[in-house]
Amino acid sequence: MIVDSINNCGLYEKVNESFAKIFEVLKTLDENSEPGKIVIDEGNVWVNVQKIEERPPVSSMKFEEHRKFIDVHYIVHGKESFGYSNTDRLTVTIPYSEEKDIEFSEGEISKVYLSAGDFCVTYPHDAHIPSMENLSDGVMTRAVAKIRV
């Protein structure tokens, strides 16, 4: 997993050719951005803008894991806690769905705190619980970009 500020996004643009395209879109977003999907390369690269207010209790949350996509989670406005773990340390609770590219697991949670302008990249071996806690006053705006691997 990579955690950094959008101000340093140039350091990662050579890691994957789609990162530059995603960062270009993320930089245009603000707290007034409308929720929805921004397609960059149909079926391969897109950004989904979300508005988050209340979250369920952390005790009910499960890790999600993907096999076909890298995620780039970006905080446009607000602050959140973000859970993560290596998939080798977790117990699968809902087996992998090829159709939805997702598996759910549980186990010990490590946290990072993301504020406006921060992003994190999760690879298929990075189990994660996005927006574990909305630590903002009111509605938080975040975006999740997906890159097919």
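**Quick look at the overall build of the chain**
Helix and strand counts for the chain come out as 1 helix and 12 strands. Start at the N end of the chain and walk to the C end: the helices and strands fall as β-α-β-β-β-β-β-β-β-β-β-β-β. Expected size for 149 residues packed as a compact globule is a radius of gyration near 15 Å; at 15 Å, the chain falls within 12% of this value. For the C-alpha atoms alone, the extent of the chain along its principal axes is close to 40 × 35 × 25 Å. For the chain, long-range pairs separated by at least 24 residues make up 77% of all intrachain contacts whose partners lie at least 6 apart in sequence. When the accessible surface of the chain is summed, it comes to about 7800 Å², and 45% of that surface belongs to carbon and sulfur atoms. Charged side chains in the chain number 16 positive and 26 negative. The centres of these two groups are separated by 2 Å.

**Structural notes on the sheet that holds strand E5 (residues 69-77)**
Ordered in space as E1-E10-E5-E12-E3-E2, the 6 strands form an open sheet in which the pairing is antiparallel. Across the chains shown, the open sheet's two edge strands, defined by having one partner strand only, are strand E1 (2-5) and strand E2 (36-41). Within the sheet, the average angular offset between the axes of one strand and its neighbour, ignoring direction, is 20°.

**Structural notes on unusual backbone geometry**
A positive phi angle, near 50°, is found at Asp101, a position not held by glycine. In this structure, Asp101 sits in the loop between strand E7 (91-97) and strand E8 (102-106). A positive phi angle, close to 50°, is found at Ser131, a residue other than glycine. On the secondary structure map, Ser131 appears in strand E11 (residues 126-134). In this structure Ser131 comes out as buried when scored by relative accessible area, which is 3%.

**Digging into the environment of Ile109**
Here Ile109 shows up in the loop between E8 and strand E9 (110-115). Exposure remark for Ile109: the relative accessible area of 31% places this residue in the partly exposed category. A sequence separation of 93 residues divides Ile109 from Asn16, and the C-alpha atoms of the two residues are 27 Å apart. Among residues more than four places away in sequence, those in contact with Ile109 are Val58, Phe63, Gly83, Tyr84, Ile129 and Met132.

**Some remarks on the state of the cysteines**
Counted by the stated rule, this structure contains 0 disulfides. The closest cysteine sulfur to the non-disulfide-bonded Cys9 is located on Cys120, 15 Å from its own sulfur. Judged by its relative accessible area of 3%, Cys9 falls in the buried class.

**Some words on the nonpolar core**
In terms of nonpolar packing, the biggest core is built from 22 residues, with Phe19, Phe23, Leu26, Val72, Phe119 and Val121 touching the most fellow members. Elements with a minimum of two residues in this core: helix H1 (17-26), strand E3 (45-52), E5, strand E10 (118-122) and strand E12 (140-148). Among the elements that line this core, the one with the most residues is H1, at 5 residues. Those residues in contact with Val121, other than ones at most four positions away along the chain, are Met1, Ile2, Phe19, Ile70, Asp71, Val72 and Asp126.

**Focus on the pattern of salt bridges**
A complete count under the given rule lists 6 salt bridges for this structure. In this structure, the salt-bridge partner of Lys62 is Glu106, at a minimum N-O distance of 2.9 Å. With Lys62 in the loop between E3 and strand E4 (63-65) and Glu106 in strand E8, the pair connects residues that are 44 residues apart, well separated along the chain. We classify Lys62 as partly exposed; its relative accessible area is 32%. Between Lys146 and Asp71 there is a salt bridge, and its shortest N-O distance comes to 2.7 Å.

Scoring rules and cut-offs
- Residues numbered from 1 in each chain as written.
- Predicted model: local features only at pLDDT ≥ 70, side-chain atom pairs only at ≥ 80, totals over all residues.
- Heavy atoms only, no water.
- Helix = DSSP H or I, 4+ residues; strand = E, 2+ residues; numbered from the N terminus.
- Rg over C-alpha atoms; globule rule 2.2 N^0.38 Å.
- Contact = heavy atoms within 4.5 Å.
- Areas by Shrake-Rupley, 256 points an atom, 1.4 Å probe, with all protein chains shown as cover.
- Lys, Arg positive; Asp, Glu negative; His and termini not counted.
- Charge placed at Lys NZ, Arg CZ, Asp CG, Glu CD.
- Pairing = 2+ DSSP bridges.
- Axes fitted to C-alpha atoms, helices over the stretch in contact; angles between N-to-C directions.
- Buried < 20%, exposed > 50% of the residue type's maximum accessible area, 1.4 Å probe, protein only.
- Disulfide = S-S within 2.5 Å.
- Core = buried A, V, L, I, M, F, W, Y, C linked by side-chain atoms within 4.5 Å.
- Salt bridge = Lys/Arg side-chain N within 4 Å of Asp/Glu carboxyl O.

In short, shape yes, function no, at least from these values alone.
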